[in-house]
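The residues making up each chain are set out below.
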Amino acid sequence: MKRRLWFWQALLLAAIFGLWHVATAPDLLPPIVWDNPDRAAFFFGEPLKMFVVIRDWFVSGEIYPHLWVTLQETALAFVIGSLLGLAIGLWLGLTPFASMLLDPYIKAANAMPRVVLAPIFMVWFGLGIWSKVALGVTLVFFIVFFNVYQGVKEVSPVVLSNATMLGASRRQLLRHVYLPSATSWVFSSLHTSVGMAFVGAVVGEYLGSARGVGYLIHMAEGAFDINTVFAGILVLTVFALVLDFAVSAAEKRLLVWRPVQGETEPQL
Amino acid sequence: MDPAVSLEKVTCTFAAKSGEGHYTAVKDVDLAIAGGEFVSVVGPTGCGKSTLLNVAAGLLRPSSGAVKIHGEPLAGINRRAGYMFQAESLMPWRSALANVTAGLEFRGEEAASARAKAEGWLERVGLAGFGDRYPHQLSGGMRKRVSLAQMLILDPQILLMDEPFSALDVQTRQLMENELLELWSADRKSVIFITHDLEEAISLSDRVVVLSAGPATRPIGEYVIDLPRPRDVSEIRLTPRFIELHDRIWHAMKGEVLKGYAQTRNRTSG
């Protein structure tokens, strides 16, 4: 069953590329929309040429430094944003006064479209990786923050009382009850926050940089080289899929204690 | 000799959830448990039984009245007591073994010796070899055994148990009750056992305290259970003396249970 599904999925992918090729290759079909046979290829690119671009990137090794930069930005934005979100989420979750005081500001900061901060970060941090990391951090932070904040509020009062009766001090409660509980919420938002870190990195690169896959796309666009733009998009998509797989693997390892739906329980 | 736990004129008043007014859960409760005594507290549902236990544990400060532990006034958490909760209380991110070692860890005991002790306790509650399971991988009865080990490993002098077995099926429940009695008879700790099940109360205890329906719950009767020990909880229920005691206590309780039932019904329908 699973193999057959794989087969159909691969066939669908091939069909999409096939259709794309047939619709854009000059002079293959009689012109329908445009009179000029090269017009479709100009707007939509040609898959074969796109694959040639990708092959050249990997054969010449030109793509690796760009991928590496994008990966670094994504990873840094994810780690810094998650740690900040975890720390501040824990703090506000445990300090009712501070959370009431800051509540409207947090709502406002979250509502703001943070991509507009990108130019400011470029002024502050330059065109290197840190302006992209900063943008990614602002995106990741709020996802993690809200999850941790909620997680702290929803720690089971019975588990807390039990730990207290077992002799946990306030610090031990933080370390052994609040933190693990909050961390599990961070992991439950892992897919979204890694995705956001990636968005921050690519958008940052696109708006101004000297390296990274976003930069490659931006340069190609400036030269109306649509095949290279699509090549960049495809590489980014595959890259994002690989990241997502890595996150799923990490999640599986780190959340073994979580109940899985449908898992049987041994009876005594 | 001072009693292990004594509540003197304990009253607990809460601000009502609706905002206005107050709700008095328990009023002027006097209760004393001697060293090594097994006392059950029974009463209709929602009568403030858990409130009393939380007061004895130091988790809740009474609005008025005093709590004394072996003659000393209680300040803060009751460090001599172990508490077994009605709801799930294990830390889900810790394995069974790590849950049992938690108390020792909080007290700063070395990891290796804590582990060795915990393995011993898991064996005593019949869970040898289940140490690396996480709570969600255990059945309800097994989780209660872990809770029991988690509490007993700290060797508390006083056990506070809040309907610990109420979520279990009847068979598992009687098994657990027998095991509890066996563990208890080994070193006779003082126990306050909260339950709404009169049969459970009688079969386990030296003394049964009956509470009135809430609000302003207070004890309305005390019965000494003179059944011989060691007991088997399922067999002792068939003895004439048990039935006699059950009749007597049930007769006293019945009115309160009906009152409590009527109140809950009014609350939900109103």
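Please refer to the structure higher up on the page.
Keep in mind that what you see is a predicted model, and the values were worked out from it rather than measured.

## Here we look at the interface of chain A and chain B
So, point 1. The partner chain B presents 32 residues to the 26 residues of chain A that form the contact.
So, point 2. Of the roughly 2600 Å² buried between chain A and chain B on both sides combined, carbon and sulfur atoms contribute 66%.
So, point 3. Where chain A touches chain B, the interface holds 0 salt bridges.
So, point 4. Joining chain A to chain B, the criterion identifies 6 residue pairs in polar contact (both at pLDDT 80 or more).
So, point 5. Among the elements of the structure, α8 (157-165) and α9 (170-188) of chain A are those that each provide at least two residues to the side of chain A that touches chain B.
So, point 6. Considering each element in turn, the side of chain A that touches chain B owes the most residues, 7 residues, to α8 of chain A.
So, point 7. Looking at the side of chain A that touches chain B residue by residue, the class counts come to 14 nonpolar, 9 polar and 3 charged.

## Notes on the packing of aromatic side chains
All names here are of chain A.
So, point 1. Applying the stated criterion across every chain, the model contains 20 aromatic pairs over all chains.
So, point 2. Here Phe121 and Trp124 contribute two aromatic rings whose centre-to-centre distance is 5.9 Å and whose plane-to-plane angle is 65°, an arrangement assigned as edge-to-face. One end of the pair, Phe121, and the other, Trp124, are both in helix α6 (residues 118-125), 3 residues apart, so they sit about a helical turn from each other.
So, point 3. Residue classification places Phe121 among the buried positions, given a relative accessible area of 7%.

## So, the pairing of strand β7 (residues 158-162) of chain B
Residue and element names in this part refer to chain B.
So, point 1. Buried residues dominate β7, accounting for 5 of its 5 residues.
So, point 2. A two-sided burial pattern is seen for β7, the buried positions comprising Ile158, Leu160 and Asp162 on one face and Leu159 and Met161 on the other.
So, point 3. When strand β6 (residues 81-84) meets β7, the two strands line up parallel, connected through 4 bridges. Looking at β7, one finds that Ala81 is bridged to Ile158.

Criteria and cut-off values
- Numbering of residues begins from 1 in every chain and follows the order in which that chain's sequence is written.
- As a convention, the first chain written is A and the first ligand written is 1, with the rest following in written order.
- Side-chain atom pairs in this predicted model are given and counted only at pLDDT of 80 or more, local residue features only at pLDDT of at least 70, and totals for whole chains, interfaces and linings cover all residues.
- Neither water nor hydrogens contribute to the side-chain values; these are computed over all heavy atoms in the structure.
- Contacts: residue pairs with any heavy atoms within 4.5 Å of one another.
- Buried area, as used here, totals the accessible surface that two parts lose on assembly, with accessibility defined by a 1.4 Å probe and the loss added over both.
- The salt bridge criterion pairs a side-chain nitrogen of Lys or Arg with a carboxyl oxygen of Asp or Glu, the two atoms within 4 Å.
- Pairing of N or O atoms within 3.5 Å defines a polar contact, subject to two protein rules: one partner must be a possible hydrogen donor and the other a possible acceptor, and residues neighboring in sequence count only if both atoms are side-chain atoms.
- A run of DSSP states H or I qualifies as a helix once it reaches four residues; a run of E qualifies as a strand once it reaches two. Both are numbered from the N-terminal end.
- By the convention adopted, Pro, Cys, Tyr, Trp, Phe, Met, Ile, Leu, Val and Ala count as nonpolar, Lys, Arg, Asp and Glu as charged, and the other residues, Gly among them, as polar.
- Here is the rule: rings of Phe, Tyr and Trp (six-membered ring for Trp) pair when centre to centre is within 6.5 Å. Planes less than 30 degrees apart are stacked, more than 60 are edge-to-face, and the remainder are tilted.
- Only protein chains enter the accessibility calculation, which uses a 1.4 Å probe; a residue is then buried when its area is under 20% of its type maximum, exposed when over 50%, and partly exposed in between.
- We treat two strands as partners when DSSP finds at least two bridges between them.

Shape is all these values report; function is a separate question.
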